[in-house]
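Coordinate inspection notes
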Amino acid sequence: MSCSGILIAGFGNTLCADDGFGVFVIRSLMREAGLPEELDILDVGISGVSFVQTLLKGYGALVIVDAEKRGQAPGTLYQWSPAADEFIPKDREALIDVHFAEPRRAIQLAKAINALPDTIHIVGCEPENVDSYVLELSNPVKRAIPEAVARVKKLITILSTEHISDSRTWNT
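In this report, the structure presented in the accompanying data block is examined. In this text the structure is predicted, and so the values were computed from the model without any measurement.

This part is about the sheet that holds strand β3 (residues 61-67). Reading across the sheet, the five strands line up as β2-β1-β3-β5-β4 and stay open at both edges, with mixed pairing between neighbours. On the outer flanks of this sheet lie β2 (39-45) and β4 (77-80), each paired with one strand and no other. In this sheet, neighbouring strand axes are inclined to one another by 15° on average, regardless of whether the strands run parallel or antiparallel. As judged from the four bridges shared by β4 and strand β5 (residues 119-125), these two strands associate in the antiparallel manner. Each bridged residue has a counterpart across the sheet, and for Q79 the counterpart in β5 is V123.

This is the structure in structure tokens:
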């Protein structure tokens, strides 16, 4: 799907400690001034279906912010652009659950219905604790929020510039 606009989506359960990382980053980002007009910011939380419905509006780019277990020290930030085939569901039956609390499954549904933008970036943070019902982030993850916001803002700048260039190309 190739459309205009950028969606920044924060996933996570704020009732489960560091799992809420994406939501806390989104809340911080919403307080920032001077963000581009073509930007939509979505606090997905655990509502994957709402995320997919939002993607149906059509976006040129997507930035996902979420807790990401990769085995590094808590608070370690990761940033990558997934390969196009990374979100192809291995099992069509997996798409039947309409709750989609897991970001990967919501993204797989979006891919299956052709609602996923061509450009995707992910900013993740290694959690310390996602298994306890705790309403705040661990200290290492909390300390990572300003840098995560800075990374998302840098991606917004890059993607906005690409979007302007693409718009000019299409209008000539």
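Having put the structure on the table, let's press on.
The geometry of an aromatic ring pair is captured by the separation of the ring centres together with the interplanar angle, meaning the angle of the planes. For the structure on display, the rule yields one aromatic pair. Note on F11 and F51: the rings are 5.0 Å apart at their centroids and 70° apart in plane angle, and the pair reads as edge-to-face. One end of the pair, F11, is in strand β1 (residues 6-11); the other, F51, is in helix α2 (residues 48-55), with 40 residues separating them in the sequence. With a relative accessible area of 1%, F11 lands in the buried category.

Checked against the element boundaries, E126 lands in the loop between β5 and α4 (139-171). No salt bridge is formed by the buried E126, whose closest oppositely charged neighbour, R70, lies at an N-O distance of 6.7 Å. A distance of 3.3 Å separates a polar atom in the side chain of E126 from the backbone nitrogen of Q72. Among residues more than four places away in sequence, those in contact with E126 are E68, K69, R70, G71, Q72, A73, P74, G75, T76, Y78 and V141.

Definitions and cut-offs
Residues numbered from 1 in each chain as written. Predicted model: local features only at pLDDT ≥ 70, side-chain atom pairs only at ≥ 80, totals over all residues. Heavy atoms only, no water. Pairing = 2+ DSSP bridges. Helix = DSSP H or I, 4+ residues; strand = E, 2+ residues; numbered from the N terminus. Axes fitted to C-alpha atoms, helices over the stretch in contact; angles between N-to-C directions. Phe/Tyr/Trp six-rings, centres within 6.5 Å; stacked < 30°, edge-to-face > 60°. Buried < 20%, exposed > 50% of the residue type's maximum accessible area, 1.4 Å probe, protein only. Lys, Arg positive; Asp, Glu negative; His and termini not counted. Salt bridge = Lys/Arg side-chain N within 4 Å of Asp/Glu carboxyl O. Polar contact = N/O pair within 3.5 Å; in protein donor to acceptor, adjacent residues only side chain to side chain. Contact = heavy atoms within 4.5 Å.

Purely spatial values, then, with no claim about function.
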